[in-house]
Amino acid sequence: MSEKKYDFGLVGLGVMGRNFILNVSDNGFKAYGYDLDKEKVKALQKEGGDLDSVNATSDLKTFVSSLELPRKIMLLVPAGKIVDNVIESLLPVLDKGDLIIDGGNSLFTDTDRREAYLKDKGIHFFGAGVSGGAKGARKGPSIMPGGSREAYKEVKPIFEAVSAKYKGEPCVAYLGPKSAGNYVKMIHNGIEYGLMQLTSEIYDVLKKAGDLNNSELHTAFHSWNKGRLQSFLVEITAEILTKDDDQGSGQLVDKILDKAKQKGTGKWTSQNAMDLGIPIPSIDIAVSMRELSALKADRLIAEKLYGKLKPTTLSKEKLVTMAEEALYFSFIVTYAQGLHQLSEASEEYGYDLDLGTIAKIWRAGCIIRAGLLADITKAFQGNKQLSNLLLDPSFSKEIKETLDAARQLVSYGALNGIPLPGLSNSLTYFDAYTSGRLPLNLIQAQRDYFGSHTYERTDKDGIFHTEWEA
Ligand code: 6PG
């Protein structure tokens, strides 16, 4: 074995960890893994082949002493208490100036707490969201790091080498201080929830209104993926629709139970949006729909009780065109909401985020990668003050061109009993956001009526109260 120590350490050799560490070693960095599970250690040693480039152990001291100083140790372990436990076990054996990187989907407030705790002990702590699933971790994920800018320099060459590339540009960049990296990853996931919900609604309406079979659905998604809707989620949807059921006949998708699980990042996005006072209804409804999907037994009883409308059939060709436009419209609106939340969080938490850079590192590697992100990048690079994508002139053109289809599809869904809540929330958000006057004057009057909460006027400055009762 050569004398040179290992450049990078990784704790947690599960699917993500194993793939990520192999990616690091593929890119010419010596990497050392650590996992208490000896089977995982052996599996990595076998898959890596050359122990001089990638090795692993279940012994903490061996792990730590094998790493070059300052140590760069990434944790790819489940979010929550386990992260704290790993940190506690590492602390006695680390040196000042070492860097711990949490690559999991940790809650951003946990990252802030850990960063402050470790700073006192002279250890740098980074929250770095990693997106792209197992394949991304192996072949090039999008990485969203936040923490001390100084410490980032240590890990920058490794992250840039292992990340996905968009036209040669790495899909990683220093995003900001403290928990900026985990926060951005949380919003990425919120947008992911929104886009997945929208895609599922379009799949549903094409089936119910146009009677498209799986092969026709595949053709629609596949062709959309060659156009402006080009994205990872549209691409995998097309693929999913052709996958045969190896335990029966037909396609597997039809046999999958309609209850979606969640690990929490979408919910955190919604909870935090409420705290910040930023409306993100396309994402909120995606979280609610996962919750509603879980009520399967109730849904079956309610369907019997109320019955189901028989949707009127639409021409397949017209429907596919309308669905593409409506999906594109609502994709834009969903990105707009997530990015708006980022812009507010940047102020509130002092992240100093650059939305152009964030859109840029989402162009490849991550789950929400899409052709659309190249234009979103341009919009935010062109106007650093842009708080909402809907205010960008080139997006307003795209929105105007697709708005009518969104209206038609949402109306069709409402009249025919097909739930399209993501599409409808995107449309309603758009209609409200573009209304110079909303009926909230009445709410102010009601508040003042029953609680003397006061109101402002449109024609005079000041705070007013009225004795409403005659
Ligand atoms: C990614 C994903 C990933 C996330 C899964 C599952 O960017 O690679 O966001 O981090 O964990 O998508 O999330 P849910 O279980 O909440 O759907």
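Residues numbered from 1 in each chain as written. Predicted model: local features only at pLDDT ≥ 70, side-chain atom pairs only at ≥ 80, totals over all residues. Heavy atoms only, no water.

**Student:** Report on the environment of threonine 237, specifying residues and quantitative values.
**Tutor:** With respect to the helices and strands, the residue threonine 237 is situated in helix α10 (residues 232-240). Judged by its relative accessible area of 15%, threonine 237 is buried. Along the backbone, threonine 237 and threonine 199 are 38 residues apart, and their C-alpha atoms lie at a distance of 8.0 Å. Excluding its chain neighbours within four sequence positions, the residues that come into contact with threonine 237 are Thr199 and Phe221. Among the polar contacts made by the side chain of threonine 237, one reaches the main-chain carbonyl oxygen of leucine 233 at a distance of 2.5 Å. (Helix = DSSP H or I, 4+ residues; strand = E, 2+ residues; numbered from the N terminus. Buried < 20%, exposed > 50% of the residue type's maximum accessible area, 1.4 Å probe, protein only. Contact = heavy atoms within 4.5 Å. Polar contact = N/O pair within 3.5 Å; in protein donor to acceptor, adjacent residues only side chain to side chain.)

**Student:** Describe in detail the domain arrangement of the protein chain, supporting the description with residues and values.
**Tutor:** Considered domain by domain, the protein chain is made up of domain 1 (8-178), domain 2 (185-433) and domain 3 (440-470). Just the C-alpha atoms count here: the centres of domain 1 and domain 2 sit 32 Å apart. Roughly 1,900 Å² of surface becomes buried between domain 1 and domain 2 when both sides are summed, with 65% attributable to carbon and sulfur atoms. When the buried area of domain 1 at its contact with domain 2 is split by residue, Phe108, Tyr166 and Leu175 rank highest and sum to 29% of it. The interface formed by domain 1 and domain 2 holds two salt bridges in total. (Domains from an automatic or database assignment. Buried area = accessible area lost by both parts, 1.4 Å probe. Salt bridge = Lys/Arg side-chain N within 4 Å of Asp/Glu carboxyl O.)

**Student:** An account of the layout of surface pockets is requested, with residue identities and associated values reported.
**Tutor:** Roughly 1,600 Å³ of internal volume is contained in the largest pocket. Ser200, Tyr203, Asp258, Lys259 and Ser293 are, among the 38 residues lining the largest pocket, the residues nearest its centre. Taken together, the elements giving at least two residues each to the lining of the largest pocket come down to α8 (180-210), α10, α12 (281-293) and α13 (296-306). Here the residues of the lining of the largest pocket are counted per class, giving 20 nonpolar, six polar and twelve charged. There is about 930 Å³ of room inside the second largest pocket. Together, 30 residues line the second largest pocket, and Met16, Asn105, Lys185, Asn189 and Lys263 are the ones closest to its centre. Residue assignment for the lining of the second largest pocket shows that the elements contributing at least two residues are α1 (15-26), β6 (124-131), α8, α10 and α11 (265-276). (1 Å grid on protein atoms, 1.4 Å probe; cavity = no way out; pocket = protein on both sides within 12 Å on 5 of 7 lines; lining within 4 Å. Points joined across faces, edges and corners; volume = space filled by probe spheres on them. Nonpolar A, V, L, I, M, F, W, Y, C, P; charged D, E, K, R; others polar.)

**Student:** Requested: an account of helix α7 (residues 149-162), with residues and values cited.
**Tutor:** Between its terminal C-alpha atoms α7 stretches 19 Å, which fits the 20 Å expected from 14 residues at 1.5 Å a residue. Taking the largest bend as the criterion, α7 deviates by roughly 55°, centred on valine 155, and proline proline 157 comes between one and four positions later. Residues Ala151, Tyr152, Val155, Ile158, Phe159 and Val162 constitute the buried set of α7. (Expected span 1.5 Å × (residues − 1). Bend = angle between axes of the 7 residues up to and from the residue.)

**Student:** Please set out the packing of aromatic side chains residue by residue, giving values where relevant.
**Tutor:** In the structure shown here, the tally under the stated rule is 17 aromatic pairs. Between tyrosine 6 and tyrosine 32, the ring centres sit 4.7 Å apart and the planes meet at 85°, which makes this aromatic pair edge-to-face. Here the residue tyrosine 6 occupies a position in the segment before β1 (8-11), and tyrosine 32 occupies one in strand β2 (residues 31-34), the gap between them amounting to 26 residues. Both residues of the pair, tyrosine 6 and tyrosine 32, count as buried. Judged by centre distance (5.3 Å) and plane angle (50°), the rings of phenylalanine 108 and tyrosine 349 are tilted. With phenylalanine 108 in helix α5 (residues 108-119) and tyrosine 349 in helix α14 (residues 316-349), this pair connects stretches of sequence that are 241 residues apart. Among the aromatic residues, those joined into a cluster by ring pairs are Tyr6, Tyr32, Tyr34 and Phe63. (Phe/Tyr/Trp six-rings, centres within 6.5 Å; stacked < 30°, edge-to-face > 60°.)

**Student:** Tell me what's going on with the packing of α8 against α14, and back it up with residues and numbers.
**Tutor:** At a minimum axis distance of 10 Å, the contact between α8 and α14 shows a crossing angle of 165°. Put simply, α8 runs roughly antiparallel to α14. Here α8 runs over α14; the crossing is right-handed. Partitioned by chemical class, the residues of the contact of α8 with α14 number 20 nonpolar, seven polar and one charged. (Axes fitted to C-alpha atoms, helices over the stretch in contact; angles between N-to-C directions. Parallel < 35°, antiparallel > 145°, perpendicular 65-115°, else oblique. Left-handed = near helix turned anticlockwise from the far one by under 90°.)

**Student:** Report on the site of the ligand, specifying residues and quantitative values.
**Tutor:** Around the ligand, the structure places 13 residues, and the nearest of them are Ser131, Lys185, Glu192, Tyr193 and Arg290. Between the ligand and the protein, one listed contact pairs an oxygen atom with a backbone N or O atom of glycine 133 at 3.3 Å. Taking lysine 185, its side chain carries an N or O atom lying 2.8 Å from an oxygen atom of the ligand. For the ligand, whose accessible area on its own is 420 Å², the fraction buried by protein is 79%. Judged by its atoms lying within 2 Å of the grid points, the ligand is housed in the second largest pocket. With five residues, α8 is the single largest residue contributor to the shell around the ligand. Grouping the constituent residues of the shell around the ligand by class yields two nonpolar, seven polar and four charged. Viewed by domain, the shell around the ligand spans two of them, domain 1 (8-178) and domain 2 (185-433), each represented by three or more residues. (Near = heavy atom within 4 Å. Areas by Shrake-Rupley, 256 points an atom, 1.4 Å probe, with all protein chains shown as cover. Sits in = over half its atoms within 2 Å of the grid points.)

**Student:** Tell me about the side chain of serine 346, residues and numbers included.
**Tutor:** Summarising the element assignment, serine 346 is placed in helix α14. Apart from the residues lying within four places of it in its own chain, the contact partners of serine 346 are Tyr351, Asp352 and Leu353.

**Student:** Describe in detail the pattern of salt bridges, supporting the description with residues and values.
**Tutor:** This structure, assessed with the given rule, holds 27 salt bridges. For glutamate 160, the salt bridge is made with lysine 156, and the minimal N-O distance between the two is 3.8 Å. Placement of the pair is glutamate 160 and lysine 156 together in helix α7, with a separation of four residues, close to one helical turn. The partly exposed category is assigned to glutamate 160, whose relative accessible area is 26%. Look at lysine 156 and you get partly exposed, because its relative accessible area is 36%. Residue aspartate 245 pairs with lysine 255 through a salt bridge whose shortest N-O separation is 2.8 Å.

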